[in-house]
Structure formats: structure tokens, C-alpha cells
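Coordinate analysis (summary)
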Amino acid sequence: MAVPELLSLLLAVGFPLLAMLAARRQWLPAWSSSIILCYGIGILVSNLRLWPQNPELLESIAGGSMLVGLPLLLFAVRIREGFSSAGNMLLSFGLCCLAGIVCTCGTAIYLHDEVADSWQVAAMLTGLYTGGTPNVQAIGVALAAPAEYLVLIQAADVLLGGAYLLGLVTFLPALYARFYPPTPSNGSGADAGAMEAGSVGGFRTGSRQFAATLGVLAISSLLCRALTGNWVDPTVLILLLTTFSLGVTLTPLPSRLGNTYPLGEYFILIFCVALGLLADFRKLAEQGMELLYFSAIALAATTLLHLLLARLFRLDRDTVILSSVAAFYGPVFVVQVAAAIRSRHLLAAGIAVSLLGFGIGNYLGIGVAYALRWFTG
């Protein structure tokens, strides 16, 4: 392996550990995250041309880390608990998902002639507004979307989504209080310490978790081969991985594996660094502006429709805020925003629906993609 390729590999494998440490010790501002750090370092190295990149190697790293990380994230989903205890949070989250589907599809139809492959962009944004960045990545891989789409959509989300998140921890709660009733407190103090800690377990625990995800990946690949004649058909394989991983959550295995989320996050961060290294913004400026415009319309429309639907169903303020954070940003940000608005009693429900979003986001995004491709011809 040449020196530049070795440097890229070491950066992709090593930097996520530093990013996770920074997030765990709260060294990052409210609008940032370990995912943004990993995308950022990759983009910085790529665009400063610090060393030449091998696209084939980086695509292999990105694809492999996604396939390994996705089951680990999904093993952390607790379907029964999510549906039984979330209550209004589940309703508000469902309304946010509905708003995301309607508004991303509407934006894709509106910008069909201006944005190439708008059906792919809408699908990835549907995943983003359902469970956050991991859904975007999985759907992008499943649809064989250009690598630059994934990077630019994430870049647009950092700009637009970061601004909205900053509003949610500053002035927006006071504004929303004028339109939504206050949130009753049950005093339970429930939280999700494992999610908040965000640290990878010991070697033995990590080995068991890694073996479990490889087992699910092997079964999915075998069935993919039987159905399509190929070991890796991206769309079929992602759907099979999602289905089998969620099936595992209904068995006693996840309780024996422990908290698989941090190890899954680590592999997703490897994906982010590799994808950032593939991004050369000098070649993508024109296309990037189109995707930024698309993302701005879709995010604004989704947010407004969700707020209107929540008002119609008379949901309380903190439930509306945390359900949108769960859908747009993922469980780590639920912890941060719940602390900022002093609603830690809603933390467990917010994380539960966010993890459910990881599961359903792939189905919704891929479904949106093929529906739009058929509709737009």
C-alpha cells in the first residue's frame, strides 16, 4: 500500500476515536457533533490537497464501514419499549416523518427540471428527516447515489440544520411556548446513560458485537445472492440488513450484546471521514448550490408542516421540539436539547423514537425514491 493510501486509511480509522472522545467530554459546541468533525476533517484534507486520494480505496472503506455499522446501530432499537412508552412523542415523531415525506416529495417534483436525480436527493432527505445522518448514508449506498451527493447534502444540513438546532437551544423554545401548551413533568428523571456516554465497550464486548453484525451481514449477503444473483445488490442488501437487524432486536440477543450504539457510531464515523476525503468542492460548486437550495426548501417546509400538524393535535411544546430533534438529528442531539430545555423526563421517549427512525428511515427513503422515479418518468 502506497504512503498516501496508508495515510487515508489511518485517518479514517483513527480520527473517529478522537471525535467520539471530544463529543463524550462535551468539547463541542451545541451545533456540532462527532459526525460533523469527521466529515470536516475529510473535506479539509481533500480540498487542501494534503496528499492524493485513491477513490476506489475510499469507496471500499465507506461502503464496508456502512454495512458493518448499520446493524450495530439498529441492534440498539427497542421496538416494544418505543411503542409502549413513547405516547405523544411517538405521535409527534410520526407527524414529523409524514411532513418529511410530503415536503421532500413536493420539493423534488417542484425542482425536477433543475436538480439532476431529484428523486435520489428527496430519498436521502427523507431519511435525514426520519432518523438523521445514518439513514442518509444507507439510502445513498442503496440507491448508488454519487458520493458528492452524500457529502453536499450533509454539508447543507450542517449549515441549515445547524442553524435550526442552534435556534432550538436558544430562542425558539420561548417562541414555541406561545403556540403550544407547557409540558407536564412526571418527575421520572429517566434518561439514557448508555447513549449519553457514547463510549465503545471493552475488547470482549466489542468482539461479540462485531461478530453479531458480521453474522447478520453474512445472512443478508447470502439471501441477496439467492434473490438477485449478486452478493452485493446495494438496494436489496440494505433492506435485508435493516430487516434482519430489526428482527434481532425482538430476540434476547441485544441484551447479551450490551449497548451496540457506540461501536456502530464508530463505523459510521469511519464512513464520514472516507466520504469527506472523496469530496472536492472545487469540482462541485455549481451542483452544490442546487442541492443547498433543494435542502433549504425541504427543511423549511418540513418544519412548518410538522409545527402545524402538532398544533392541530394539541401536542405540548417540549414533545414537539424533542420529536423534531429525534427525527432530524438523532439520539445524541436529543440528549443535548433535552438538557437545554430542561425536559430530561422526556429523554428516554425521545431517544426511543429516534432509534425507531433508524429502522423505518431506510424503508421510507427507498420507497420515496422509487415512487418519485416512477412519477417523474
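Concerning the overall build of the protein
If you tally the helices and strands in the protein, you get 18 helices and zero strands. Looking at the protein as a whole, 54% of its 377 residues qualify as buried. For the protein, long-range pairs separated by at least 24 residues make up 83% of all intrachain contacts whose partners lie at least 6 apart in sequence. For the protein, the exposed surface amounts to about 16,000 Å²; the carbon and sulfur share of it is 66%.

What about the packing of aromatic side chains?
Enumeration according to the criterion identifies seven aromatic pairs in this entry. Here Trp119 and Tyr370 contribute two aromatic rings whose centre-to-centre distance is 6.5 Å and whose plane-to-plane angle is 45°, an arrangement assigned as tilted. Pair noted here: Trp119 is in helix 6 (residues 118–131) and Tyr370 is in helix 18 (residues 347–376), with a separation of 251 residues, a long-range link. Judged by centre distance (6.3 Å) and plane angle (55°), the rings of Tyr164 and Phe328 are tilted. Remark: Phe328 occurs in helix 16 (residues 317–328) and Tyr164 occurs in helix 8 (residues 147–168); sequence separation between them is 164 residues.

Some words on the pattern of salt bridges
Using the criterion set out here, one finds one salt bridge in the structure. One salt bridge in this structure joins Asp318 and Arg317, with 2.7 Å as the shortest N-O distance. We note that Asp318, like Arg317, is buried.

Some details on the side chain of Ser221
With respect to the secondary-structure elements, Ser221 resides in helix 11 (residues 203–228). Residue Ser221 is classed as buried on the basis of its relative accessible area of 14%. If we skip the residues at most four places from it in the chain, Ser221 touches Trp231 and Leu237.

Remarks on helix 16
In a regular helix each residue adds 1.5 Å, so twelve residues correspond to 16 Å; helix 16 covers 17 Å between its end C-alpha atoms and thus fits that length. The buried count for helix 16 comes to twelve of twelve residues, which makes it a mostly enclosed element. Buried within helix 16 are the following residues: Arg317, Asp318, Thr319, Val320, Ile321, Leu322, Ser323, Ser324, Val325, Ala326, Ala327 and Phe328. Gly330 sits one or two positions beyond helix 16 and adopts a positive phi of about 100°.

Points about the environment of Cys105
Along the chain, Cys105 turns up in helix 5 (residues 88–110). Given the relative accessible area of 18%, Cys105 is considered buried. Along the sequence, Cys105 and Leu125 sit 20 residues apart, while their C-alpha atoms lie 9.6 Å from each other. Contacts of Cys105, omitting those with residues within four sequence positions, involve Val368 and Leu372.

Digging into the packing of helix 3 (residues 55–75) against helix 11
Interhelical geometry of helix 3 versus helix 11 gives an angle of 110° and a closest axis separation of 9 Å. When the axis of helix 3 is compared with that of helix 11, the two are roughly perpendicular. The way helix 3 lies across helix 11 gives a crossing that is right-handed. Contacts between helix 3 and helix 11 involve Leu67, Val68, Pro71, Leu72 and Phe75 on the former and, on the latter, Gln209, Phe210, Ala212, Thr213, Val216 and Leu217. Each residue belonging to the contact of helix 3 with helix 11 can be placed in one class, and the counts come to nine nonpolar, two polar and no charged.

As for the confidence of the model for the protein
Model confidence for the protein is summarised by a mean pLDDT of 82, while 87% of its residues fall at 70 or above. Throughout residues 187–197 the model reports pLDDT below 50, and contacts reaching past four residues in sequence, or to other chains, amount to 20 contacts.

Parameters and conventions
Residues numbered from 1 in each chain as written. Predicted model: local features only at pLDDT ≥ 70, side-chain atom pairs only at ≥ 80, totals over all residues. Heavy atoms only, no water. Helix = DSSP H or I, 4+ residues; strand = E, 2+ residues; numbered from the N terminus. Buried < 20%, exposed > 50% of the residue type's maximum accessible area, 1.4 Å probe, protein only. Contact = heavy atoms within 4.5 Å. Areas by Shrake-Rupley, 256 points an atom, 1.4 Å probe, with all protein chains shown as cover. Phe/Tyr/Trp six-rings, centres within 6.5 Å; stacked < 30°, edge-to-face > 60°. Salt bridge = Lys/Arg side-chain N within 4 Å of Asp/Glu carboxyl O. Expected span 1.5 Å × (residues − 1). Axes fitted to C-alpha atoms, helices over the stretch in contact; angles between N-to-C directions. Parallel < 35°, antiparallel > 145°, perpendicular 65-115°, else oblique. Left-handed = near helix turned anticlockwise from the far one by under 90°. Nonpolar A, V, L, I, M, F, W, Y, C, P; charged D, E, K, R; others polar. pLDDT = per-residue confidence, 0-100.

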